[in-house]
Amino acid sequence: MGIPEKIKAIQDEMARTQINKATEHHLGLLRAKIAKLKHEQESASSKKSSKDDGFDVRRTGDATVVFIGLPSVGKSTLLNALTGAKSTVGAFQFTTLTVVPGIMEYRGARIQVLDLPGIIKGASTGRGMGKRMLAVARNADLVLLVLDVFQPYHESVLTTELGNVGIRLNQTPPNITIEKTGKGGIAIAQQVKLASTTTEFLEDVLHVYGITSARVVIREDVTTEQVVDHISGNRTYAKALTIVNKIDLVDAKFLENMRSTLKSECVEVSADTGTNVENLKERIYESLEFIRIYMRPKGGKTDYDEPLIMRKGNTIGDVCDKLHRTMRRKFRYGMVWGTSVKFGGQRVGIVHQLHDEDVLTIIKEKWA
Ligand SMILES: Nc1nc2c(ncn2[C@@H]2O[C@H](COP(=O)(O)OP(=O)(O)O)[C@@H](O)[C@H]2O)c(=O)[nH]1
Ligand SMILES: [Mg+2]
C-alpha cells in the first residue's frame, strides 16, 4: 500500500468510528498516524518539486508579510495600495500567477509584502501549486488573511487549508519538552492536571513515532491535537491578521452583521477607495512587534536618527547578523543602555535580548 492509500484507509476507519469518550483515545492515535504519513508524503514530494516556479522569493526588509485569500478578494489591489507595487489586478480569477513582492515603508520600517495567487478550497491536498503557496506562508512573519466583505465564511476555509499543512494561526506552541533517551522507557513529569488528554495517550503517540524511551515534561494543560502537533514536529506557529476588503460596497449595518460572523477581530478596508488603508498599515506594523535599537559607535555619539529596526525577542546576535554576515564572528561583547539591562553601559553577551529603544555598542575582537 502506498502512502495515499494508507491515509485513506485510516480516514475510512475514522469515519466508521463513533465519536465518544471511549473512542477519543483511539481516534487521537489515528490522527497521529495520519500526521506522520502526511509528513512522510510531504518530504518525499518536496524533494521532487522544482525550485524555479516563481515561488522562491528572497526575503528582504525588516519583516515579511504574506496575503492569503481566495481569488478576486482584492489581494493584488491591496498590495498596490500598501506598497505602490504593480501587481496585475483582474476582474476575473487567477490573475496573479506567481509571487509578486512589494515593499511597504512605514514608520522607518521596510516591510516586504507578498501577493500570492488565490488559495482555493482543497489547496492543501492538491499537488504542486497550493502546497508551494502555503510554504511561502510558512516562512512569513505575519499572515494576512484577506476576505471579501460578501464572503466572510472564507475565514474558516483559509484556516483549514493552512491548518492542513501544519500552519497554526495565532496559537502558541504547547509547553511540553520531549527529550529522547537511549533506554529506560518513557518517563512523564506532569506539572499540571490534564483535562483534555491523558499521559497514556501521549505515550501511545510517542510509540507511533517510534519513540520508546524519552523524558517528557508537561508544563501546561494541552489538548490531544497539541500533543500530536508537538510530537509530529511539523508545525509552524504563525501570527495572523484578518482583513475584510471591499467595504465600499456595503453599509454600516451590513458590516456589523458581517463582523459578528467572524471568529477573529478584523481590519475593514477598501483597497479601491483607500478607506482605512493607513489604519491597516498601522495594524500590520503593530502586529510585527518591531523594536528600535540605537547604535552607539565605541566612544562616539548615539545615532538617534536611524534606529536599527529589529523584532521583539531579538538578541544581540540577531543585530550582528543584520549588520554584517561576519559580525557574529567578530563580536566580543556588547554594552547596553536601556530597559533590558540593570544599569547603563552594562556588558552583555550575544544571547542578550534587547528592548525597544535600547542603545547598543558592539565591541569587536581586537583582530577584527
Ligand atoms: N469595490 C471594490 N472592488 C475591489 C476592491 N478591491 C479590489 N476590487 C476589485 O476586485 C477585483 C479583483 O481584485 P484583485 O486585486 O485582482 O483580486 P485578487 O485576485 O485577490 O488579487 C478587481 O476587479 C478589483 O478592482 C475594493 O476595495 N472595492
Ligand atoms: Mg491577484
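Values in this document were obtained by computation on a predicted structure and should not be read as measured data. (Residues numbered from 1 in each chain as written. Chains lettered and ligands numbered in written order. Predicted model: local features only at pLDDT ≥ 70, side-chain atom pairs only at ≥ 80, totals over all residues. Heavy atoms only, no water.)

**Q** Residues and numbers for the overall build of the protein chain, please.
**A** Across its full length, the protein chain carries 11 helices and 16 strands. By its C-alpha atoms, the protein chain is 70 × 60 × 45 Å across when sized along the principal axes. In the protein chain, which comprises 368 residues, the share counted as buried stands at 46%. Of the contacts made within the protein chain by residues no fewer than 6 positions apart, 68% connect residues no fewer than 24 positions apart. Here the protein chain displays about 19600 Å² of accessible surface, and carbon together with sulfur accounts for 51% of that area. (Helix = DSSP H or I, 4+ residues; strand = E, 2+ residues; numbered from the N terminus. Buried < 20%, exposed > 50% of the residue type's maximum accessible area, 1.4 Å probe, protein only. Contact = heavy atoms within 4.5 Å. Areas by Shrake-Rupley, 256 points an atom, 1.4 Å probe, with all protein chains shown as cover.)

**Q** I'd like a rundown of the site of ligand 1, residues and numbers included.
**A** Taken together, 17 residues surround ligand 1, and among them Ser72, Lys75, Ser76, Thr77 and Asp248 come closest. One of the side-chain N or O atoms of Ser76 is found 2.9 Å from an oxygen atom in ligand 1. Note that an oxygen atom of ligand 1 is positioned 2.6 Å from one of the side-chain N or O atoms of Thr77. Within the complex, 86% of the 580 Å² of free accessible area of ligand 1 lies under protein. Tallying contributions element by element places helix α3 (residues 75-83) first for the shell around ligand 1, with three residues. (Near = heavy atom within 4 Å. Polar contact = N/O pair within 3.5 Å; in protein donor to acceptor, adjacent residues only side chain to side chain.)

**Q** So what about the sheet that holds strand β7 (residues 186-190)? Which residues, and what values?
**A** Spatial strand order, β6-β8-β7: three strands in an open sheet with mixed pairing. This sheet does not close on itself; its edge strands, each paired only once, are β6 (176-180) and β7. Looking at each pair of strands side by side, their axes are set apart by 10 degrees on average, direction ignored. Of the strand pairs in this sheet, β7 and strand β8 (residues 214-218) are connected by five bridges, and their pairing is parallel. Bridged to Ile186 within β8 is Ala214. Contacting β6, β7 and β8, helix α6 (residues 199-208) runs over the sheet at an angle of about 140 degrees to β7. (Pairing = 2+ DSSP bridges. Axes fitted to C-alpha atoms, helices over the stretch in contact; angles between N-to-C directions.)

**Q** Report on the domain arrangement of the protein chain, specifying residues and quantitative values.
**A** Structurally, the protein chain comprises domain 1 (3-48 + 174-232), domain 2 (63-171 + 236-287) and domain 3 (290-364). On a C-alpha basis, the centroid separation for the pair domain 1 and domain 3 is 41 Å. (Domains from an automatic or database assignment.)

**Q** Talk me through the environment of Glu24; I want residue IDs and the actual numbers.
**A** Here Glu24 lies in helix α2 (residues 21-48). When the C-alpha atoms of Glu24 and Thr224 are compared, they prove to be 9.2 Å apart, with 200 residues separating the residues in sequence. A polar atom in the side chain of Glu24 sits 3.4 Å from the side chain of Lys21.

**Q** Requested: an account of the side chain of Glu161, with residues and values cited.
**A** By the secondary structure assignment, Glu161 is in helix α5 (residues 154-164). The exposure class assigned to Glu161 is buried, which follows from its relative accessible area of 5%.

**Q** Account for unusual backbone geometry, naming residues and giving values.
**A** Look at Ser72: it is not a glycine, yet its phi comes out positive at around 70 degrees. Positive phi outside glycine occurs at Asn276, with the angle close to 70 degrees. Mapped onto the elements of the fold, Asn276 is located in the loop between β11 (266-268) and α9 (277-287). With a relative accessible area of 34%, Asn276 lands in the partly exposed category.

**Q** A description of the packing of α6 against helix α7 (residues 224-232) should follow, citing residues and the corresponding values.
**A** Two numbers describe a pair of packed helices, the interaxial angle and the distance between the axes. Viewed as axis vectors pointing N to C, α6 and α7 meet at an angle of 30 degrees, and their least axial separation amounts to 10 Å. In terms of axis orientation, α6 runs roughly parallel to α7. The chirality of how α6 crosses α7 is right-handed. Together, Phe201, Leu202, Val205 and Leu206 of α6 and Thr224, Val227, Val228 and Ile231 of α7 make up the contact between the two elements. Its residues assigned to classes, the contact of α6 with α7 comprises seven nonpolar, one polar and no charged. (Parallel < 35°, antiparallel > 145°, perpendicular 65-115°, else oblique. Left-handed = near helix turned anticlockwise from the far one by under 90°. Nonpolar A, V, L, I, M, F, W, Y, C, P; charged D, E, K, R; others polar.)

**Q** Got a sec to walk through the sheet that holds strand β14 (residues 331-337)? Specific residues and values, please.
**A** Judged by pairing direction, the sheet is mixed, and its five strands sit side by side in the order β13-β12-β16-β14-β15 without closing on themselves. Every interior strand has two partners, whereas the edge strands, β13 (308-311) and β15 (346-348), have only one. The average angle at which neighbouring strand axes cross in this sheet is 40 degrees, direction not considered. For strand β12 (residues 290-295) and β13, the ladder comprises four bridges, and the chain directions are antiparallel. Residue Ile291 lies in a different strand from β13, and its bridge partner there is Met310. Most of the contacts of helix α10 (residues 316-323) go to β13, to which it runs at about 135 degrees, and overall it touches β12, β13, β14, β15 and β16 (358-364).

**Q** Go over the environment of Tyr285, please, and point to the residues and values.
**A** If you trace the backbone, Tyr285 turns up in helix α9. Of the residues examined, Tyr285 reaches a relative accessible area of 10% and is grouped as buried. For Tyr285 and Ala63, which are 222 residues apart along the polypeptide, the C-alpha to C-alpha distance reads 9.6 Å.

**Q** Run through the packing of aromatic side chains, naming residues and quoting values.
**A** For the structure on display, the rule yields four aromatic pairs. The interplanar angle of 65 degrees and the centroid separation of 5.7 Å between the aromatic rings of Tyr106 and Tyr285 together place this pair among those described as edge-to-face. Remark: Tyr285 occurs in helix α9 and Tyr106 occurs in strand β2 (residues 100-106); sequence separation between them is 179 residues. Each member of the pair, Tyr106 as well as Tyr285, is classed as buried. (Phe/Tyr/Trp six-rings, centres within 6.5 Å; stacked < 30°, edge-to-face > 60°.)

**Q** Give me a nonpolar patch on the surface: which residues, what numbers.
**A** A contiguous nonpolar patch, built from Phe150, Leu249 and Phe254 and spanning about 290 Å² of accessible area, is present on the exposed surface. Mapped onto the elements, Leu249 comes out in the loop between β10 (240-245) and α8 (252-261). (Patch = residues over 30% accessible without salt bridge, like charges linked within 9 Å, V, L, I, M, F, W, Y side chains within 5 Å. Salt bridge = Lys/Arg side-chain N within 4 Å of Asp/Glu carboxyl O.)

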